[in-house]
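# Coordinate analysis (summary)
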Amino acid sequence: SLDFLASIMSDDEEFYVRYYVGHKGKFGHEFLEFEFRPDGLLRYANNSRYKKAMMIRKEVHVGTEVLDEVKRIIELSEITKESDSRWPAPDSVGRQELEVVVGDQHISFVTAKIGSLVDVEDSKDPDGLKLFYFLIQDLRCMVFSLIGMHFKIKPI
């Protein structure tokens, strides 16, 4: 709705997004997590013990234009109209969490890890889970691009 879009573009309101995907397995607690904080801080963590890798933690401040784009992506996805009540519950394969706060709206989703669109199509709510799946893909791509650009060792 246009009212919601107008409200999320307001600068005076609270805004927060957090995404987590992870599992506990052979290599311990492996996860990827990122969050956009109201002050523009983007926090990123990736923990994997595969091949004795160490945890990667990165923080960078982003401008209001980037936060506005994250808000726009969330609004256009229409994820705020969805419910995770019919999505697969977290299991031994892992879990995903998405939390979004925009003004006085606070939404939170929890579901199992999604391997592919086949998992989505086989769920009890393929339409809602597909919105979640593609929103997460968009947000992850944006975060990886921002982190990659900011911490690039050899500028192009």
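Above: the structure in question.
Right, let's walk through the structure included here. Being a predicted model, the structure only gives us computed values, none of them experimental.

## Comments concerning unusual backbone geometry
For Glu 78, which is not a glycine, the phi torsion comes out positive at approximately 60°. Note that Glu 78 resides in the loop between helix 2 (64-77) and strand 5 (95-102). Among the residues examined, Glu 78 registers a relative accessible area of 38% and is labelled partly exposed.

## A word on the sheet that holds strand 1 (residues 15-25)
Overall, antiparallel pairing links the six strands, which are arranged 4-3-2-1-5-6 in an open sheet. The open sheet is flanked by strand 4 (56-61) and strand 6 (105-112), the only strands paired with a single partner. Each neighbouring strand pair of the sheet contributes to a mean axis angle of 10°, computed without reference to strand direction. Pairing of strand 5 with strand 6, which is carried by eight bridges, proceeds in the antiparallel orientation. Looking across to strand 6, one finds that Arg 95 is bridged to Ala 112. Contacts between helix 2 and the sheet are confined to strand 1, strand 2 (28-36) and strand 5, with strand 1 contributing the most and set at about 70° to the helix. Each of strand 1, strand 2, strand 3 (41-47), strand 4, strand 5 and strand 6 is contacted by helix 4 (residues 126-150), which is oriented at about 85° to strand 2, the strand it contacts most.

## Re helix 4
Because each turn of an α-helix spans 3.6 residues, side chains separated by three or four positions in sequence point in the same direction. Over its 25 residues, helix 4 runs 36 Å from end to end, which matches the ideal 36 Å to within 8%, given 1.5 Å per residue. For helix 4, every residue scored as buried is listed here: Gly 128, Leu 129, Phe 132, Tyr 133, Leu 135, Ile 136, Leu 139, Met 142, Val 143, Leu 146 and Ile 147.

## Some points on the packing of aromatic side chains
Summed over all chains, the structure comprises eight aromatic pairs. With centroids separated by 5.4 Å and ring planes inclined at 40°, the aromatic side chains of Tyr 19 and Phe 34 adopt a geometry described as tilted. You can see Tyr 19 sitting in strand 1 and its partner Phe 34 sitting in strand 2, a full 15 residues away along the chain. You'll find Tyr 19 and Phe 34 in the same group, each marked buried. An angle of 50° between the planes, with centres 5.1 Å apart, marks the rings of Trp 87 and Phe 132 as tilted. A residue pair is termed long-range when its members are at least 10 positions apart, and Trp 87 in the loop between helix 2 and strand 5 and Phe 132 in helix 4 qualify at 45 residues. In this structure, Trp 87 and Phe 132 share a single accessibility class: buried. One aromatic cluster is present, built from ring pairs that chain together Tyr 19, Phe 34 and Phe 36. The ring centre of Phe 15 lies 5.0 Å from the NZ or CZ of Lys 71, which sits over that ring.

Analysis parameters
Along each chain, residues carry numbers from 1 onward, in the same order as the chain's sequence is written. Predicted model: local features are reported for residues with pLDDT of at least 70 only, side-chain atom pairs are reported and counted for 80 or more only, and whole-chain, interface and lining totals are derived from all residues. Excluded from the side-chain calculations are hydrogens and water; all other atoms, namely the structure's heavy atoms, are used. Only DSSP runs of H or I reaching four residues or more are called helices, and only runs of E reaching two or more are called strands; each is numbered from the N terminus. The rule is simple: take the accessible area with a 1.4 Å probe, protein chains only, and divide by the maximum for that residue type; under 20% is buried, over 50% is exposed, in between is partly exposed. Here, any two strands with at least 2 DSSP bridges between them count as paired. Only the stretch in contact is used when fitting a helix axis, every axis being a line fitted to C-alpha atoms; angles between N-to-C directions are given from 0 to 180 degrees. Contacts: residue pairs with any heavy atoms within 4.5 Å of one another. Multiplying 1.5 Å by the helix residue count minus one yields the expected span of that helix. Stacked, edge-to-face and tilted are the three classes for Phe, Tyr and Trp ring pairs, Trp counted by its six-membered ring, which pair at centre distances within 6.5 Å; planes under 30 degrees apart are stacked, over 60 edge-to-face, the rest tilted. Here, a charge over a ring means that NZ of Lys or CZ of Arg falls within 6 Å of the ring centre while also lying within 35 degrees of the ring normal.

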